[in-house]
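Next come the chains, spelled out residue by residue.
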Amino acid sequence: MARKKAYREDLVIEKAMNLFWRNGYEGTSMQMLEKEMGINKFSIYSSFGSKNGVFLESIACYKKKLYKLVNELKATQKGVAGIKEYFYNFITFTRETEYGKGCLVTNTANEIGPDADQGIKDALASFTGEIKTIFATIIAQDGTKTPQEIAAEADYLLIAMFGLSSATRMFTQEQLSHYIENIFKNQ
């Protein structure tokens, strides 16, 4: 007869997500996961298969949290001003202290190399592709840009979002506001 788990997977994954978010993928060890999640290695391997499995579940958890903002972005009828609002809302989303934690996806993309697990690379690419598609859909709302201009502007805003995500870890609210205002000055 199988033993009943003494923990809820969603709760331990949220703890793991926060650990990865603070320390990065490479900076998080199995021992750290055990301690943070409050379960042993056997339970981690049994439930999630590996550190990569825990991380992929953490990305899914992160997306659920961020999707409150993403869904507001999808629903915007404000055009590019709605994307600018998303940038500001993202800063609030990252804050634990005066400085933010950045974006779990961006933080991971900044630290992994070309030999990283393909599942992790695919999860990151899927997420960024989805955000780019949302940006492109919103940019197209005004009906004045060609498909090439829309794609180029969506790429620009996606890369600017990556910059903002990294910047929240180090810069003040005033500096981040200056950054956002300059991004959208010519939009």
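See the structure shown above.
Values in this document were obtained by computation on a predicted structure and should not be read as measured data.

Draft legend 1. Up close: the overall build of the protein. Tallying secondary structure elements over the protein gives nine helices and zero strands in all. C-alpha atoms of the protein, sized along the principal axes, occupy 65 × 35 × 30 Å. The 187 residues of the protein split such that 43% are buried. In the form shown here, the protein has an accessible surface area of approximately 10100 Å², with 54% of it arising from carbon and sulfur atoms.

Draft legend 2. Molecular detail of the packing of aromatic side chains. Inspection of the entire model under this criterion finds ten aromatic pairs. The interplanar angle of 75° and the centroid separation of 5.1 Å between the aromatic rings of Tyr25 and Phe55 together place this pair among those described as edge-to-face. Of this pair, Tyr25 sits in the loop between α1 (9–23) and α2 (30–37) while Phe55 sits in helix α4 (residues 51–75), and the two are 30 residues apart along the sequence. When its relative accessible area of 10% is taken as the criterion, Tyr25 is described as buried. Aromatic side chains Tyr62 and Phe93 sit 5.8 Å apart centroid to centroid with 65° between the ring planes, which places their arrangement in the edge-to-face category. Here the residue Tyr62 occupies a position in helix α4, and Phe93 occupies one in helix α5 (residues 80–94), the gap between them amounting to 31 residues. Owing to a relative accessible area of 0%, Tyr62 belongs among the buried residues under this scheme. An aromatic cluster of at least three residues, connected via ring pairs, comprises Trp21, Tyr62, Phe90 and Phe93. A cation sits over an aromatic face here: Lys51 above Tyr25, 4.3 Å from the ring centre. The lysine or arginine in question, Lys101, covers the ring of Trp21, its NZ or CZ lying 3.6 Å from the ring centre.

Draft legend 3. Representation of the nonpolar core. Formed by 57 residues in total, the largest nonpolar core has its most connected members in Tyr86 and Phe87. Every residue in contact with Phe87, bar those within four places of it in the chain, is listed here: Phe135, Leu157, Ala160, Met161, Leu164, Ile180, Ile183 and Phe184.

Draft legend 4. Looking closely at α1. Here α1 contains 15 residues, and its C-alpha end-to-end distance of 21 Å stays within 8% of the 21 Å for a straight helix at 1.5 Å per residue. Of the residues making up α1, those classed as buried are Val12, Ile13, Ala16, Met17, Asn18, Leu19, Phe20 and Trp21. Residues of α1 that are buried in the fold lie against α2, α3 (41–48), α4, α5 and α6 (104–111). Directly beyond the C-terminal end of α1, a positive phi value near 85° is found at Gly24.

Draft legend 5. Region of interest: the environment of Phe90. By the element assignment, Phe90 lies in helix α5. Note on Phe90: relative accessible area 1%, which makes it buried. Look past the residues within four positions of Phe90 in its chain and what remains in contact with it is Tyr62, Leu66, Leu69, Gly102, Cys103, Met161, Leu164 and Ser165.

The rules behind each value
- For every chain, the first residue of its written sequence is number 1, and the numbers climb from 1 along that sequence.
- A pLDDT threshold of at least 70 governs which residues receive local features in this predicted model, and a stricter bar of 80 or more applies before side-chain atom pairs are shown or counted, although totals over entire chains, interfaces and linings include all residues.
- Computation of side-chain values covers all heavy atoms of the structure but excludes hydrogens and water.
- Each helix is a run of H or I in the DSSP string that is no shorter than four residues. Each strand is a run of E no shorter than two, and both are numbered from the N terminus.
- Exposure categories follow from relative accessible area, calculated using a 1.4 Å probe and restricted to protein chains: below 20% of the type maximum is buried, above 50% is exposed, and the middle band is partly exposed.
- Residue burial considers only the protein chains on display, and all accessible areas are found by Shrake-Rupley using a 1.4 Å probe.
- Two rings from Phe, Tyr or Trp (for Trp, the six-membered ring) form a pair when their centres sit within 6.5 Å of each other. Planes less than 30 degrees apart are called stacked, planes more than 60 degrees apart edge-to-face, and all others tilted.
- Think of it as a cone above the ring: NZ of Lys or CZ of Arg counts as a charge over the ring if it is within 6 Å of the ring centre and within 35 degrees of the ring normal.
- Nonpolar core, defined: a set of buried Ala, Val, Leu, Ile, Met, Phe, Trp, Tyr and Cys residues in which side-chain atoms within 4.5 Å join the residues together.
- The contact rule is simple, with two residues in contact once any of their heavy atoms fall within 4.5 Å.
- Multiplying one less than the number of residues by 1.5 Å gives the expected span of a helix.

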